[in-house]
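The residues making up each chain are set out below.
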Amino acid sequence: MMINTEWYRIFLHAAENSNLTKAAQTLHMTQPSVSYAIKQLEEALGVALFDRLSKGVRLTQEGQALYMHVRQAFEELESAERYMKKLKRFSEGRLRIGANGAIIKDFLLPTLDVFHARYPQIRIQMSQENTSRILERLKNGALDLGLVHLPISDDEIRIHSSHASSYCAVVGNAFADRAQKPLPTAELTQLPLLMLTPGSSTRLFIEGWFRSQGFEVDADFELNNLDMLAEFAKRGYGAAFLPKSFVAHNIADGSLLELETETPLPERRFGIAIPKDVSLSIAAGAFLELLN
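Keep in mind that what you see is a predicted model, and the values were worked out from it rather than measured.

*Asks:* Hey, could you run me through the pairing of strand β5 (residues 145-149) in this one?
*Replies:* As a general feature of sheets, a regular strand has side chains that alternate between the two faces. Taking burial as the measure, the 5 residues of β5 include 5 buried ones, the bulk of the element. The two faces of β5 match: Leu145, Leu147 and His149 on one face and Gly146 and Val148 on the other face are all buried.

*Asks:* It is not clear to me how the pattern of salt bridges should be interpreted in this structure. Could you clarify?
*Replies:* Two side chains with opposite charge may pair up if their charged atoms get near one another. Applying the stated criterion to the full structure yields 15 salt bridges. A salt bridge links glutamate 6 to arginine 9; the nearest nitrogen and oxygen atoms lie 2.5 Å apart. Linking glutamate 6 with arginine 9, this pair stays in helix α1 (residues 5-17), spanning 3 residues, or about one helical turn. Its relative accessible area of 29% is what places glutamate 6 among the partly exposed residues. One salt bridge connects arginine 178 with glutamate 187, and the closest N-O pair in it is separated by 3.8 Å. Classification of arginine 178 by relative accessible area gives partly exposed; the value is 24%. Among the residues examined, glutamate 187 registers a relative accessible area of 30% and is labelled partly exposed. Overlapping salt bridges bring together Glu129, Arg133, Glu136 and Arg137 as one network.

*Asks:* Teacher, can you tell me more about the packing of aromatic side chains here?
*Replies:* Each aromatic ring pair is characterised by the separation of its centres together with the angle its planes make. This model, assessed by the stated rule, comprises 11 aromatic pairs. Taking the centre distance of 5.5 Å and the plane angle of 55 degrees together, the rings of phenylalanine 11 and phenylalanine 50 count as tilted. Of this pair, phenylalanine 11 sits in helix α1 while phenylalanine 50 sits in strand β1 (residues 50-53), and the two are 39 residues apart along the sequence. For the pair phenylalanine 11 and phenylalanine 50, a shared accessibility class is recorded, and that class is buried. Between tryptophan 209 and phenylalanine 210, the ring centres sit 4.9 Å apart and the planes meet at 65 degrees, which makes this aromatic pair edge-to-face. One aromatic cluster in this structure is built from Phe90, Phe115, Tyr119 and Phe287. The ring of phenylalanine 246 carries lysine 105 above its face, with NZ or CZ at 4.9 Å from the centroid.

How each quantity is defined
Residues numbered from 1 in each chain as written. Predicted model: local features only at pLDDT ≥ 70, side-chain atom pairs only at ≥ 80, totals over all residues. Heavy atoms only, no water. Buried < 20%, exposed > 50% of the residue type's maximum accessible area, 1.4 Å probe, protein only. Helix = DSSP H or I, 4+ residues; strand = E, 2+ residues; numbered from the N terminus. Salt bridge = Lys/Arg side-chain N within 4 Å of Asp/Glu carboxyl O. Phe/Tyr/Trp six-rings, centres within 6.5 Å; stacked < 30°, edge-to-face > 60°. Lys NZ or Arg CZ within 6 Å of the ring centre and 35° of its normal.

The structure is reproduced here in structure tokens:
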């Protein structure tokens, strides 16, 4: 049974004023309108809520029980309204992001720094995960947005915008002789290869580049993050395939050498993924505007 919420509001004021006339003045209503609403509520509930006295009204036992619930309900509504105002002012709320490794450092962090400085009271939750896991969490509502490698094919996900990232092959100084001239892919396959673990989108991207030239390759070292790939390459264990922006400082200081491959590695695209047909939170919408 759904009863007119306005009747409850009138009942609350009547109970707190112990007088229908005063309740009417507070509500900017006429006294007969207040009396009518109280009567309608009593008939709908099937109980008497007030004893009518010569100088006002007094809650019955049933009315007192109802008053406690109604007061709590309206306090909750007022609290909800205050919370909504805080969300609109960015003094409450949270932002949940999932992203792949290199995207975090080169693309996400600069914007996240700006967002955090502008809205310090927004709670930021970020997880570094692979693309398939990010998509899964977007679809079950555990993330607001994700930065993922493309392409993806999922009817429940929309790519808001896409960006390009250049990749390169790098080695340590132990292989300095291989960085003197353009390197044929066949010769590159003879080097120890450092790659991410099987099944990662980056591993598949590199294997696809070799396959497009007729080569099937195996990794000599399988590591689970880009930092480890760069570290092992610096120590002379082989060639790693990394985003140029990720290793730019290492190339600049000479701790890594970029191999000029005869067949350049293609650019890799990544995108900002959001659940299709789901409204973004106020915080997520503001962050998406900054990313753009």
